[in-house]
Amino acid sequence: MTILCLGNLAAEAQTPLRAWNTHPDGYPVTEAMKSFIQEVDAATKGKYKIELFSNAVLGDQGKAVAMLKAGEIDVAEFNSAPLSEAAPGLKAFNLPFLFHDSAHMFRYLDGEMGTRLAETLKASGYVVLGWYDGGARSFYCANKPVTKRDDLVGQRIRVQQSEVYIEMVKLLGATPVVVPYKEVLDGFQKGTIDCAEGNMASYEATGHYKVAKYMLLDSHMISPEALVVSSKLWNRLSAEERTVFQKAGKKSAVLMRELWEKRSIAARAAVAKDGVQFANVQDFSPYIRKMSPLYTKYMTDPATRAELFAIVGNQ
């Protein structure tokens, strides 16, 4: 009888939570989140049982944001788009040709600037537990080799629905075409787009490399993502539990970055073996000069000026 009562008490004390991401099993984000879940489970002795819903099975990112704020999911991994709406200073991290590589970007996010942005996000319902790597994005085309900026002129380039991406492509002399990501491969096959852009791991995983075999390694965008919990959950946690979640989040971010680097290297080797032709950018100055109107716009915006000046001033 006593054992039965203790078992019931343990069951009542257990708190089920739900976690969301848009990536498949085996992807660096998914594996890092699994690690986070295991850390929390072990450190809280099973009090918090987090179920992971990967591959956007609960809905796309827009729906997941609404669910997090409503308390329908508790943990999520988002890219910088919805986070930038809540913390406009993060938009500075979405500008093209700003960072040399991911390590350069994390110099800021792992320091005081990242702390300030996290505080702003907390006020909007997102509690950042770790900054993840969104990868370096480059252009890839189907109809001709691209070895320099001028090769992009006149091309129809698929972009996501983003003011910065659309303006960037226009400033490069190309035509932006907004197409859902899941329709990019079909767009190449039907000839409605000439080029697209994305990170190496996704380029390989989606099979885009099979129809677009020319990649210009310009790393035009290097943006962060974040592992977050809802403020609704955060406010229910004790001080000790918050420490557990924070520690597990930071540890998962380190793991994610390591997994991402390995995945990117492996993806590049795989597509190269299949005949993809890469071109490295030798001189970025022509690209940067073309982006001048975009930089000026954000330099004059009070919401992004401080972060942008801090980044540019410490290159």
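Residues numbered from 1 in each chain as written. Predicted model: local features only at pLDDT ≥ 70, side-chain atom pairs only at ≥ 80, totals over all residues. Heavy atoms only, no water.

(A) Region of interest: the packing of helix H13 (residues 292-299) against helix H14 (residues 302-312). Running from amino to carboxyl end, H13 crosses H14 at an angle of 125°, the nearest separation of the two axes being 8 Å. If you check the angle between H13 and H14, you find them oblique. Residues Tyr-295, Tyr-298 and Met-299 of H13 form the contact with H14, whose own contacting residues are Thr-304, Arg-305, Leu-308, Phe-309 and Val-312. Per-class residue counts for the contact of H13 with H14 are 6 nonpolar, 1 polar and 1 charged. (Axes fitted to C-alpha atoms, helices over the stretch in contact; angles between N-to-C directions. Helix = DSSP H or I, 4+ residues; strand = E, 2+ residues; numbered from the N terminus. Parallel < 35°, antiparallel > 145°, perpendicular 65-115°, else oblique. Contact = heavy atoms within 4.5 Å. Nonpolar A, V, L, I, M, F, W, Y, C, P; charged D, E, K, R; others polar.)

(B) A look at the state of the cysteines. Considering all chains together, one arrives at 1 disulfide under this definition. Covalently, Cys-141 is tied to Cys-195 through a disulfide, its sulfur atoms 2.0 Å apart. Handedness of the Cys-141-Cys-195 disulfide follows from its S-S torsion of about 100°: it is right-handed. Placement of the pair is Cys-141 in strand E4 (residues 126-141) and Cys-195 in strand E7 (residues 195-199), with a sequence separation of 54 residues. What makes Cys-195 buried here is its relative accessible area of 0%. (Disulfide = S-S within 2.5 Å. Buried < 20%, exposed > 50% of the residue type's maximum accessible area, 1.4 Å probe, protein only.)

(C) A look at the packing of aromatic side chains. One pass over the structure, following the stated rule, counts 13 aromatic pairs. With a centroid separation of 6.3 Å and an interplanar angle of 70°, the aromatic rings of Tyr-203 and Tyr-209 are classed as edge-to-face. Seen from their ring centres, Phe-284 and Tyr-287 are 6.0 Å apart, and the 50° between their planes marks the pair as tilted. A relative accessible area of 31% places Phe-284 in the partly exposed class. An aromatic cluster of at least three residues, connected via ring pairs, comprises Tyr-140, Phe-188, Tyr-203 and Tyr-209. (Phe/Tyr/Trp six-rings, centres within 6.5 Å; stacked < 30°, edge-to-face > 60°.)

(D) Structural detail: the environment of Leu-121. Structurally, Leu-121 is set in helix H6 (residues 112-123). Once the C-alpha coordinates of Leu-121 and Ala-248 are considered, the two residues, 127 residues apart in sequence, prove to be 19 Å apart.

(E) Highlighting the pattern of salt bridges. Following the criterion strictly, the structure yields 14 salt bridges and no others. In this structure, Asp-41 and Lys-49 form a salt bridge, with 2.9 Å as the shortest nitrogen-oxygen distance. For Asp-41, a relative accessible area of 23% puts it in the partly exposed group. Between Lys-148 and Asp-151 there is a salt bridge whose closest N-O contact spans 3.2 Å. Assessed through its relative accessible area of 12%, Asp-151 is described here as buried. (Salt bridge = Lys/Arg side-chain N within 4 Å of Asp/Glu carboxyl O.)

Geometric descriptors of this kind do not, in isolation, establish any biological role.
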